[in-house]
Amino acid sequence: MKSPRLQIAPNGPEFSRIVLGLWRLSSWQMSPAQRVAFLQAALDLGITTIDQADIYGDYTSETLLGEAFAYAPGLSQQFQIVTKCGIQFPAALRPAQTSHIYNTTAQHIIASAENSLRSMQIDAIDLLLIHRPDPLMDADEIAEAFSQLHASGKVKYFGVSNFTNAQFELLHSRYPLVTNQVECSLMQMAPIYDGSFDLCQRLRIAPMIWSALAGGALFSDAGENAQAIRVCLEDIAQQLDVSSSCVALAWLLNLPSRPLVLTGSSRVSVLEEAIQAAQLRLSREHWFDLWRAAKGFDIP
Amino acid sequence: MKSPRLQIAPNGPEFSRIVLGLWRLSSWQMSPAQRVAFLQAALDLGITTIDQADIYGDYTSETLLGEAFAYAPGLSQQFQIVTKCGIQFPAALRPAQTSHIYNTTAQHIIASAENSLRSMQIDAIDLLLIHRPDPLMDADEIAEAFSQLHASGKVKYFGVSNFTNAQFELLHSRYPLVTNQVECSLMQMAPIYDGSFDLCQRLRIAPMIWSALAGGALFSDAGENAQAIRVCLEDIAQQLDVSSSCVALAWLLNLPSRPLVLTGSSRVSVLEEAIQAAQLRLSREHWFDLWRAAKGFDIP
Amino acid sequence: MKSPRLQIAPNGPEFSRIVLGLWRLSSWQMSPAQRVAFLQAALDLGITTIDQADIYGDYTSETLLGEAFAYAPGLSQQFQIVTKCGIQFPAALRPAQTSHIYNTTAQHIIASAENSLRSMQIDAIDLLLIHRPDPLMDADEIAEAFSQLHASGKVKYFGVSNFTNAQFELLHSRYPLVTNQVECSLMQMAPIYDGSFDLCQRLRIAPMIWSALAGGALFSDAGENAQAIRVCLEDIAQQLDVSSSCVALAWLLNLPSRPLVLTGSSRVSVLEEAIQAAQLRLSREHWFDLWRAAKGFDIP
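Residues numbered from 1 in each chain as written. Chains lettered and ligands numbered in written order. Predicted model: local features only at pLDDT ≥ 70, side-chain atom pairs only at ≥ 80, totals over all residues. Heavy atoms only, no water.

Right, let's get into the overall build of chain A. Along chain A, the regular secondary structure elements total 13 helices and twelve strands. Seen along its three principal axes, the alpha-carbon backbone of chain A occupies a region of about 50 × 45 × 40 Å. When the 300 residues of chain A are sorted by exposure, 62% land in the buried category. Summed over all atoms, the accessible surface of chain A reaches about 11200 Å², with 50% contributed by carbon and sulfur. Charge separation in chain A, taken as the distance between the mean sites of 21 positive and 29 negative side-chain charges, equals 3 Å. (Helix = DSSP H or I, 4+ residues; strand = E, 2+ residues; numbered from the N terminus. Buried < 20%, exposed > 50% of the residue type's maximum accessible area, 1.4 Å probe, protein only. Areas by Shrake-Rupley, 256 points an atom, 1.4 Å probe, with all protein chains shown as cover. Lys, Arg positive; Asp, Glu negative; His and termini not counted. Charge placed at Lys NZ, Arg CZ, Asp CG, Glu CD.)

Structure below.
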């Protein structure tokens, strides 16, 4: 089984629906050879898209990926690379940064993208996202930075993360965006109801989903809500002969906006579950059973 | 006095502003002859539009209407018929349905519309609504179902019910919708403030209003809020020499989005009050007095 | 130092970014000569735009301004005049008004604008705003009133105040609006996050901000929130060698939607602080420090 693929927007790139999230890469304590093996295992599952950010691992995650790419020539070309910019905070590797701020100036966006290219030892970023909506963002200035990065061949496509619809429509009016990467899970249904996914579907743009298992809370949280979800997940998992986390991911992957789902684990078995989830067609009965378990009340 | 009439959307159908809501038809225990008499009384008041749904009366209401139409040949042609689809729940008449779900697949929409035609013994539905926003709705698939039903002459126009603006704009981008049927009353002002009626007015689409008297709570609820509204309604009713419920309906019918209002009663006197409300021009002083009574505070 | 100037909308008028708010004019107890001197002091600072409303000072503020204009021939032509209509309440000068209502009928809008012209002793209003969103507003009727006022030369441009995005988009679809005047300050960030300023930026329309210092609460409120803001303001003010209120205004004036900010004081020193604020480029570090102080938590 391999991850299905998707053109994520009109005139947008083709990505694997399961995306290798490397948010925690630095905590995995992998040698370069282990990183290469992990990346190769992902490729073998058809997971060709990687999600990064300049800030991940306190500004180390992109470098660790770059080391793996250098260790295995030709490897990087088999991936589509997504990374992000726009957040700055104090860190050992960024001594000049004294404060936690958002920075969406053209200068910072361009410098950050160029730094990401160097860190990851690649020639081009497939998709660059503004990491968080910045109250100070000047859409014309951001669009100008995007245009320059595109013209120089350094970044192919652009998108955003955690944007409301009004913020998305503002920036999209100046430069075509190909995704909005948002948090969504059985424990966080906001984008299903606040219009985010409706706008994506209207624009035929696939959202990307982070924290698809609620950062693990879905399986570790002791609260009533998480417990009720787990009981329902386990029941359906048993009926379908898959794992609970496979069902939890399928619940998202069955959404009609065709979201891409990020993984967050270093275990290949977790990637395999995600691939399985991408193939799993949940019945509406199962889907709404999970909705009820998650919400604690029936649909109207 | 007769109900005023309204073209509910650009290129949309002409309906009576007072709409005969048959949600509770099955509970009225009417013989076919009594049903015909009730429908004829509505027609005499210019109420030519009927509101139905596949699920009303646990899937019996459309059939009861169809019996009346069969009993009085020619009667159905004098009405515009609105019905709905997209909700499924366990019911004696639907033994295959084991669970409460939304279903907006093309297959279900088409099958439901065809079943509604048979149940009501009519050749065409004037307006078919998606009953509830479905998180799993694929707008392209719904539009395809609408197109097929329109091409076959089975359904003339399409709309939605209880949709947010983002949901409305999604489906409207694929197929032109002619209404959004929402709950609104002095006890439920959400669509006045959440943008629903603003969008309708912008698109020159008339919303339809259900539960215009808050399901009766306006006159039976013991809470302070309902009491304050009743005192204000009675005061204005006395000044204008009409009933309190006539004033409560006029409060809605005076909205600039020109909403259609559904009735819910089997009593002809209630229909007459609604017709009277549709003629009643409330002063701004009275309208805002009711607003204040309903909200419990003054306008800013 | 003089106030910077701004074309507030495509094809819109050019205003000073600092706007002389005359909401409290009647409470200032100024003689006509004093009013003239105050207006002249504003002009000397490049504050050429005045904000008024028919209702200010219980319907007296426009008249007091008009007396000053009559007292100093040629003075009024040096200003751009913004005024508002659409609210009615009982007042000694409006004995016919028995109730607090919104009134956006064409008749009222036109009569109110004509009355404002007479009261202020001017030939044309530069910008007329609908003061509050009116649930009963008929956008076509308002647009018709705007068109008539424009055709007769009585009003040059039109806008709104305190409108949600849905309300703005409704009226803007019928007549081009050049601003939305809303409340915003370190204690009221709603328009930064509810999409209001995003829509303004998308349409390249400059919002206007009222209550930029939270009606004074920023400096007088005893609550923890206001205290935390004050500590942060004072710290930054000391670093930049300006006043705290200058920093508080600069926090707004640095927003990328390029808001115009209304003053509310009769003291020329306050106007001078506002002018200074309009020149002050706050660093992102300072801007987000104030955000954190105001919210009581860090940015995500």
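Our next topic: the packing of helix 1 (residues 32–44) of chain B against helix 3 (residues 61–71) of chain B. Residues and elements named next belong to chain B. Contact geometry for helix 1 and helix 3: axes closest at 9 Å, N-to-C directions at 85°. Compared by their axis directions, helix 1 and helix 3 come out roughly perpendicular. For the pair helix 1 and helix 3, contact is made by P32, A33, R35, V36 and L39 and by L64, L65, E67, A68, F69 and Y71, respectively. Residues of the contact of helix 1 with helix 3, tallied by class, amount to nine nonpolar, no polar and two charged. (Axes fitted to C-alpha atoms, helices over the stretch in contact; angles between N-to-C directions. Parallel < 35°, antiparallel > 145°, perpendicular 65-115°, else oblique. Contact = heavy atoms within 4.5 Å. Nonpolar A, V, L, I, M, F, W, Y, C, P; charged D, E, K, R; others polar.)

Residue and element names in this part refer to chain A. Within strand 9 (residues 155–161), five of the seven residues are buried, leaving the element largely enclosed by the surrounding structure. Where strand 8 (residues 125–130) lies against strand 9, five bridges are found, and the strand directions are parallel. Across the sheet, the residue bridging to L129 is G159, located in strand 9. What joins strand 8 to strand 9 is helix 5 (residues 139–151), and the crossover it makes is right-handed. Two strands pair when backbone bridges link them, and strand 9 and strand 10 (residues 180–183) are joined in this way by two bridges, in the parallel orientation. (Pairing = 2+ DSSP bridges. Right-handed = clockwise from strand over helix to strand, strands pointing away.)

At the interface, 22 residues of chain C touch 19 residues of chain B. Summed over the three residues of chain C that lose the most area to chain B, namely H100, P135 and L136 of chain C, the buried surface amounts to 33% of that side. The tally of links between chain C and chain B comes to eleven residue pairs in polar contact (both at pLDDT 80 or more). Of all the secondary structure elements, the ones that give two or more residues to the side of chain C that touches chain B are strand 7 (101–102), helix 5 (139–151) and helix 6 (165–172) of chain C. Top contributing element to the side of chain C that touches chain B by residue count: helix 6 of chain C, with four residues. Of the residues assigned to the side of chain C that touches chain B, the class counts are eight nonpolar, eight polar and six charged. (Buried area = accessible area lost by both parts, 1.4 Å probe. Polar contact = N/O pair within 3.5 Å; in protein donor to acceptor, adjacent residues only side chain to side chain.)

This brings us to the sheet that holds strand 12 (residues 260–262) of chain B. The parallel closed barrel is built from eight strands, whose spatial order is 3-4-5-8-9-10-11-12 (chain B). Averaged over all neighbouring strand pairs, the angle between strand axes comes to 30°, with direction disregarded.

Attention shifts here to the relation of the copies chain C and chain A. Relative to chain A, chain C is turned by 120° and slid 0.0 Å along the rotation axis, the superposed coordinates differing by an RMSD of 0.0 Å. Viewed as a symmetry operation, the transformation between the two copies matches a three-fold axis. (Least-squares fit on C-alpha atoms with pLDDT ≥ 70 in both.)

What follows is about the packing of helix 8 (residues 196–203) of chain A against helix 6 (residues 165–172) of chain B. Between helix 8 of chain A and helix 6 of chain B, whose axes approach to 9 Å, the crossing angle comes to 15°. Comparing their axes, helix 6 of chain B and helix 8 of chain A come out roughly parallel. Once helix 8 of chain A is placed against helix 6 of chain B, the crossing between them reads as left-handed. Taking contact as the criterion, the partners of D198, Q201 and R202 of chain A in helix 8 of chain A are, on helix 6 of chain B, A166, Q167, E169 and L170 of chain B. Taken together, the residues of the contact of helix 8 of chain A with helix 6 of chain B sort by class into two nonpolar, two polar and three charged. (Left-handed = near helix turned anticlockwise from the far one by under 90°.)

This part takes up the environment of A212 of chain C. Residue and element names in this part refer to chain C. Mapped onto the elements of the fold, A212 is located in the loop between strand 11 (208–210) and helix 9 (217–220). Residue A212 is classed as buried on the basis of its relative accessible area, which comes to 4%. C-alpha separation for the pair A212 and C232, spaced 20 residues apart in sequence, amounts to 17 Å. Beyond its immediate sequence surroundings of up to four residues, A212 is in contact with C184, S185, L218, L249, L252, V261 and L262.

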